[in-house]
Amino acid sequence: MTEVTRAWDRVQLARKPERPHSLDYIAAMISGFVELHGDRRYSDDPAIVAGVGAFNGRTVMVVGHQKGANTRENLDRNFGMPGPDGYRKALRVFRHAEKFGFPVLCFIDTPGADPGLGSEERGQATAVAENLLELASLRVPSVSVVIGEGGSGGALAISVTDRLLMLENSVYAVASPEACAAILWKDSSAAPDAAEALKLTAQDLMGFGMIDEIIPEPEPAHEAMDATLQRASAAIERHLSEIEKITAEDGIDHLLELRYQKYRNIGSWVDRQEEILTELPSSFASAVHTND
Amino acid sequence: MTEVTRAWDRVQLARKPERPHSLDYIAAMISGFVELHGDRRYSDDPAIVAGVGAFNGRTVMVVGHQKGANTRENLDRNFGMPGPDGYRKALRVFRHAEKFGFPVLCFIDTPGADPGLGSEERGQATAVAENLLELASLRVPSVSVVIGEGGSGGALAISVTDRLLMLENSVYAVASPEACAAILWKDSSAAPDAAEALKLTAQDLMGFGMIDEIIPEPEPAHEAMDATLQRASAAIERHLSEIEKITAEDGIDHLLELRYQKYRNIGSWVDRQEEILTELPSSFASAVHTND
Amino acid sequence: MPDFFRRKPTFNRDDADQDGPVVPDGLWVKCHKCKDLVYSKDFERWYRVCPKCDHHARLTATQRIDYLLDSGSFEEWDRGIVTADPLSFDANGDVYKEKVQKTARKADQPESLITGRGRIRGYDAVVSATEFAFLGASMGSAFGEKFVRAVERAIELRLPFISISSSGGARMHESTFSLMQMAKTTAALSRLGEHKLPHFSILTDPCYGGVTASYATVADIIMAEPGAMIGFAGPRVIEQITRQKLPQGFQTAEFLLEHGMIDMVCRRSELPATLSLLLLHYADATMGRHQPEYAYAGTPGEEGDS
Amino acid sequence: MPDFFRRKPTFNRDDADQDGPVVPDGLWVKCHKCKDLVYSKDFERWYRVCPKCDHHARLTATQRIDYLLDSGSFEEWDRGIVTADPLSFDANGDVYKEKVQKTARKADQPESLITGRGRIRGYDAVVSATEFAFLGASMGSAFGEKFVRAVERAIELRLPFISISSSGGARMHESTFSLMQMAKTTAALSRLGEHKLPHFSILTDPCYGGVTASYATVADIIMAEPGAMIGFAGPRVIEQITRQKLPQGFQTAEFLLEHGMIDMVCRRSELPATLSLLLLHYADATMGRHQPEYAYAGTPGEEGDS
Ligand SMILES: [Zn+2]
Ligand SMILES: [Zn+2]
C-alpha cells in the first residue's frame, strides 16, 4: 500500500536525528542570539530553547523545542519533550516579547510533552493550557514553523500563532502514529496505518486549510541543510512582514481578531438542527429543555 | 530598663498563639468566604490562606499568613512561614482580584519567609520580589493589617498596599529581634535589646509615618477577641471606603500614583551634595566622572 | 434520523456509567468501590455517591445538569451540531462514521458535549457538560464548536461560564482537527476573560488529555470531585514509559489540590451551594450591578481546606 | 568633610575585597580559591579572575564600573545622598552613626551604592553598582533613594537600566526603613517596565536577603557571575534551621541557572559584550528607532547554554 508507506516515510524523515533542529535554525537566521534560561519557578528545561536576537534587522524572541542530534544529546534534551518548566520558560519569554513589542518565532519539533511523573506533579496539563491562553491573546505578531515532528498538545503549546508553516517533510498530529495505533487498536506495530489515517503530512494539513504554507524540501532537509534554512528564513520573513503590515495598518486588535478567527474556525462538523426541529419530542426531562 | 521591656513585651503579645489569626478575621468579617488553593505550579502552601468573599456588601479577595493556635496546627502551617509556593498562591489571587476589579485585603502575621532548602531551590527571593512588583502596580484598591508579627520580606511580600494598618500589639520589623541580635552581636539572648532598638511597635511606625492607623487594643486581642475583630473590621472599612472614593472620583491611575509616592517617599537620608561641590577634587579616576 | 437526537426523558444509567454501580436487582445497587449494597432510591437521592465510602460514581451529562441546575431551568443549545468525518477515517477495520453512530446510540446522546444556559439556585449561568459515554468525551470538532458557541453566547448575554468536564483524551479519528479544538476552546475563554466574565471549571472522573490541557484548567476557579482521576497522560502510559510504580493517590483530585493545581475538592452534594455562592460573589463584576445583602449559613467548599 | 566623599582616582583593592587575593608582595597575588600565584598586572588585566581556576574575585563598586563601562563615560549621580540614622540606633554598644563612619572610611565610599549613567561599547545606559565593603551593601534608606532616583532618571532619559548587585542582607540598623526600600526600589522598576525600558540585573558574589528578594530579581534578564553565591537566606541560617547539610554547589550561580532562576551565567570578561548586544536588541523598544545592521562574531553568554 504505497499511500501508507508515504505518510510513514514522512514520519521517518521528520524524525531523522540529522535533520536541522531549532538551534540550527536560530544559528542560521537569528543574529546576535542571546539564549535565555529558566522558568523562574523550578528549573531550566533543556527541551525548550528560548532567547532574543535579530531577525532581518528587527528584534524577535524565539522559542523552540530542542531535540538532540545523537543519543547523548537526546538524553540531555529529553528527546525534545518539554516538562511544565519548559512551557513556563516559553510563557515567560512570550510575556517578555509582548512587553517590549517583539514578534515571536516558534520552531516546533517534539514527539509530545513529557509524560513523566514529575511533569504530572508540576501540572503538565495546566502549563500547556496556560500557554494556549497566552498565545491566543499575545499582543505581538507571531509565526511558527513545524520543522520536524509536531506531536500533540506538547507541540500546540508553542504553535498557536498568527501563521503556521510546515516543512515539506514535517508532520503534525494529535498523537504519534505509534500511540494512535496503541490506543485505537492495542497494536503499536500498526503505526504505518495510523500515520496514513491521521492525515499528518504538510500536504494534508494544507488541504484542510490548517496551515499557511509548505516550505518545500526538494531534497530532504538533512541532505540540504543550508538551502532548507534559507528557504525557511525567507518564508518566515514573508509571513512576518505581512502580519507586521496588518498590525501597522489596522492595529494589533485587528491582528488578534484574525488570529481568533483562524483558530475559531478550525473544525469539521454537521448541523442537524433542522432535522431535530422536525422531530421534536413532546415530553421533556425534568431539567432538560431546549430553546429550539 | 522599662523601655526595652515594653518593646519586648509587645513582641511576646504579638506572638501569642491564642491571638486571633487570619482565618479568625476572615470568619468574622468576610461573608460567604470561599477559600482558594494552590499556586498552579508546585503546591498549596498552608502558611498562606487566600480566597474570595463579601466584605460589607462588596466582593473582595483576601490573602493572609496563617499561623496555628497550637503546636500541631503550627507544624501544619509551618509557623506561618510561607515558601515560594505560598507567595505564588498570593500572586495568583492578586491577579485574579485585578481581573475582576475586586479590592484586596491582606492580613500580616509571620515571623518571616521560610528559610528552608526547598524554598531556596524554588526561588524564595524571586517569589517575594515578584509580589512586590505586582502589588506596586495592582489596579485595585488594597488594604493590609498587621495582626501579629510582621517579619522581614516575608511580611512585606503581601503588605505593599494602599493602606497599612497595625493592631496596637502587633510588631513589624526587618527581622525578628532574635535574628537581629544574632546577626549584629552574635548573641540571640540580646533579643530584648534588639526589640527596643528595631523600633518595631505600631507606635514607632506611626511616628515614622510608615503606617496609616493603629487599631487599639484596650485589652490584648486574645483576651477580647470579638471586640478586636470588630475594631479591625471598622478600620478596614473606613480605609477601604476612602480609597474606593478616591478611585471613583479621580480614577485608578491616581490611586496608583498615591501608592507609588507612599512607598517612594519612605526613607531617611542626608543630602551632602553641596558639601561635596565645595570640595571637588581636581583629578578623576579613569572611568569615574561626575555631572555635578 | 436516529433516535439519539431526541432529548432523553429519563436517565440511562447503566450503559453510560463505566465505573458505576452494578445493579444486582432493581432495588439495590452495588458500589463499584466498596462493593456494599445501597438502596437504589437512596443512591439517586444522594447524587449517586456511596454513603459508605463516599465514592462518587460517574454521571452522564444529563445527570450532571439534572443534579446541578434548578429544576426546569436548563435551555439546551446547539443540539444539532454533530460529528463529521474530516479525515474520512477508515483504517485497520476502524471506521469513524460507524463508531460515532454506535457510541451515540450507546450514550443516547448526539454528541460528547451538552451546552446551554440554566440557573443554579436562582443564578443564571452558561453551562457545558461532557458525556463520557460518547467516545470517552474526547474533544472532536463538534465538541469544540458547541463549546465555543456557548462561550460566545455567554459573552453576548454577559453570563458566567461553568464547565463540567471528564475526558479520556484526544479524538484520534479527527487528529489535528481534534488537537486544534484545544486552541479554539482556550481562545474563546481568553475572550471571556477580556469581558471580565468568570469561568468556573469542575473536573470529574476521569479527566485527561486535551480537555485537561486546555479549557478545563484555564479557569478562574477550578474544582474537582473527591477521588476524581485527573491528569495529562494516563497512569498506564506513565508507568509504561517511566517503568516506575506510581505513588498512592497519584493524579487524584486530592493529589492535585496538594500540588497546587486546583482550588478545592468539592463533594457533589455541595457543588450547587458553592457555585451559587461564587456566582453571587462574581455578580458585580459580571453584571455591573450591586449585590444583594449577604446572609449565609456556613462556608461551602470546606474540603479544599486541607 | 570626610575624605571618602571624593571620587577615588585609584582602586583600593585589598581593603574592599573580602574573598579576594592575598598579596604576598607587590608583584604577585595569591588566588583565594586555588591558592596559586598570579602576576599582579595580569590579574588586573584579566578583570581579577584567576586564570588557573576561573575564580571571580570580588570587586568594589568603582572597579565594577571601570571594568564594565567605556573609559571615561561614567557620569556619577547623587553622590551626596548618604545614610542618616532614623532609629537613633544605639544598643548593646552598637552605635549606627559610628559604624557608618567607620565603614565609609574603610570602603572609601560615602555610600553602599553608586549610580549614574555611562556607555557600554557605545550604548548608553543607567547603571547602579553596590559597594560590598560598605556594611555588606545592605539596603539602607540612602541606597534605596539613590537607586530610585537613578531609575526615575532612566525613565526621563529613556535609557535602559543595568543593576550590578551584591549584598549581605538587610540593614538592621534601619529596620523597617531598610525593609521598605525593597518595596520602594521594586515600585520604581514597575514604572520602568510600564515605560517599556528594560532592566538587566547582574548578580555577583555574594547576593542575599533584601536585595535578592527585591529589585535584583525583578529584571527582564538576570545574569550572574560564575560561582557567585546567591540566595534569600544565608547558608549558615539554613543549616542551623533545617539541621541538614547543604548539597554541593547550593546557591551558586550555576545552581540557580539549573533551578530556572537566572537567564545565564556570564563570565566577567564577557559581560560588556553580552550587555552591549542586549542594549542593541532592546534599542528599538527603548528609543523607538530602527536598529543598525547586525554584524556579530559569535554569540556571547554561551555559559548559560547548559
Ligand atoms: Zn462505596
Ligand atoms: Zn585560582
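Just above sits the structure.
Asks: For the pairing of strand S6 (residues 163-167) of chain A, give the residues involved together with the corresponding values.
Replies: Strand residues, when the strand is regular, have side chains that alternate between the two faces of the sheet. All names here are of chain A. Of all the five residues making up S6, five are buried; the element is thus mostly covered by neighbouring parts of the structure. Bridge count for strand S5 (residues 142-151) against S6 is four bridges, and the pairing is parallel. Note that in S6 the partner of Val146 across the bridge is Met166. The sheet contact formed by S6 and strand S8 (residues 213-215) spans three bridges and is parallel. Each residue of the ladder has a partner; that of Leu167, found in S8, is Ile215.

Asks: An account of the pattern of salt bridges is requested, with residue identities and associated values reported.
Replies: Scanning all chains against the criterion turns up 76 salt bridges over all chains. A salt bridge links A:Arg41 to B:Glu130, with the nearest nitrogen and oxygen atoms 2.9 Å apart. Placement of the pair is A:Arg41 in the loop between strand S1 (31-36) and strand S2 (48-55) and B:Glu130 in helix H6 (residues 124-137), with the two residues belonging to separate chains. No difference in accessibility class separates A:Arg41 from B:Glu130, as the two residues are buried. Note that C:Glu152 and A:Arg264 form a salt bridge whose closest N and O atoms lie 3.0 Å from each other. Pair noted here: C:Glu152 is in helix H5 (residues 141-157) and A:Arg264 is in helix H12 (residues 252-264), and the two residues belong to different chains. Using a relative accessible area of 10% as the deciding quantity, one classes A:Arg264 as buried. Connected via shared salt-bridge partners are A:Arg264, C:Asp78, C:Glu145, C:Arg149, C:Glu152 and C:Lys184.

Asks: Lay out the coordination of the zinc ion (ligand 2) with the relevant residues and their values.
Replies: All names here are of chain D. Donor atoms from the polypeptide that coordinate the zinc ion (ligand 2) comprise Cys31 (SG), Cys34 (SG), Cys50 (SG) and Cys53 (SG), at 2.3 to 2.4 Å from the metal. Given four donor atoms and angles of 105 to 113 degrees at the metal, the environment of the zinc ion (ligand 2) is assigned as tetrahedral. Summarised as a motif, the one-chain spacing of the donors to the zinc ion (ligand 2) is C-x2-C-x15-C-x2-C. Here Cys53 lies in the loop between helix H2 (40-45) and helix H3 (61-68) and Cys31 lies in the loop between strand S1 (28-30) and strand S2 (37-39), a separation of 22 residues in the sequence. Taking the relative accessible area as the measure of exposure, Cys31 reaches 4% and is therefore buried. For Cys53, a relative accessible area of 24% corresponds to the partly exposed category.

Asks: So what about the packing of aromatic side chains? Which residues, and what values?
Replies: Scanning the model with the defined rule gives 25 aromatic pairs over all chains in all. Note on A:Phe100 and A:Phe102: the rings are 5.8 Å apart at their centroids and 20 degrees apart in plane angle, and the pair reads as stacked. A single burial state applies to A:Phe100 and to A:Phe102, both of which are buried. Ring centres 5.1 Å apart and planes at 70 degrees place the aromatic pair C:Phe250 and C:Phe255 in the edge-to-face group. Both residues of the pair, C:Phe250 and C:Phe255, count as buried. Taken together, the ring pairs in this structure connect A:Phe100, A:Phe102, D:Phe200 and D:Tyr282 into an aromatic cluster. Its guanidinium or amino end placed over the ring of A:Tyr260, C:Arg191 lies 3.8 Å from that ring's centre, counting from NZ or CZ. Taking NZ or CZ as reference, D:Arg58 lies 5.1 Å from the ring centre of D:Phe132, over its face.

Asks: Pulling in residues and values, what's your account of the coordination of the zinc ion (ligand 1)?
Replies: Residues and elements named next belong to chain C. Taken together, the protein donors to the zinc ion (ligand 1) comprise Cys31 (SG), Cys34 (SG), Cys50 (SG) and Cys53 (SG), at separations of 2.2 to 2.4 Å. For the zinc ion (ligand 1), the four donor atoms in the first shell make angles of 106 to 114 degrees at the metal, so the coordination geometry reads as tetrahedral. Counting gaps between the donor residues of the zinc ion (ligand 1) yields the pattern C-x2-C-x15-C-x2-C. On the basis of relative accessible area, Cys50 is assigned to the buried category, the value being 2%.

Asks: Lay out the interface of chain C and chain A with the relevant residues and their values.
Replies: Much of the literature gives interface size as the accessible area that the parts lose upon coming together. Taken residue by residue, the interface counts 77 residues in chain C and 67 residues in chain A. Across the chain C to chain A interface the summed buried area is about 6,300 Å²; carbon plus sulfur atoms make up 66%. The tally of links from chain C across to chain A stands at three salt bridges. Summed over the shared surface of chain C and chain A, the result is 19 residue pairs in polar contact (both at pLDDT 80 or more). Secondary-structure elements contributing two or more residues to the side of chain C that touches chain A are helix H3 (61-68), strand S3 (74-77), strand S4 (81-83), H5, helix H6 (175-194) and helix H8 (235-242) of chain C. By residue number, the principal contributor to the side of chain C that touches chain A is H6(C), which donates 17 residues. Here strand S9 (residues 269-271) of chain A pairs with S4(C) via three bridges, running antiparallel. Paired with A:Asp271 across the two strands is C:Ile81, which belongs to S4(C).

Reading guide: rules and limits
Residues numbered from 1 in each chain as written. Chains lettered and ligands numbered in written order. Predicted model: local features only at pLDDT ≥ 70, side-chain atom pairs only at ≥ 80, totals over all residues. Heavy atoms only, no water. Buried < 20%, exposed > 50% of the residue type's maximum accessible area, 1.4 Å probe, protein only. Helix = DSSP H or I, 4+ residues; strand = E, 2+ residues; numbered from the N terminus. Pairing = 2+ DSSP bridges. Salt bridge = Lys/Arg side-chain N within 4 Å of Asp/Glu carboxyl O. Donors = N, O, S within 2.8 Å, 3.2 Å for Na, K, Ca; no water. Tetrahedral: all angles 85-135°; square planar, octahedral: opposite > 155°, others 65-115°. Phe/Tyr/Trp six-rings, centres within 6.5 Å; stacked < 30°, edge-to-face > 60°. Lys NZ or Arg CZ within 6 Å of the ring centre and 35° of its normal. Contact = heavy atoms within 4.5 Å. Buried area = accessible area lost by both parts, 1.4 Å probe. Polar contact = N/O pair within 3.5 Å; in protein donor to acceptor, adjacent residues only side chain to side chain.

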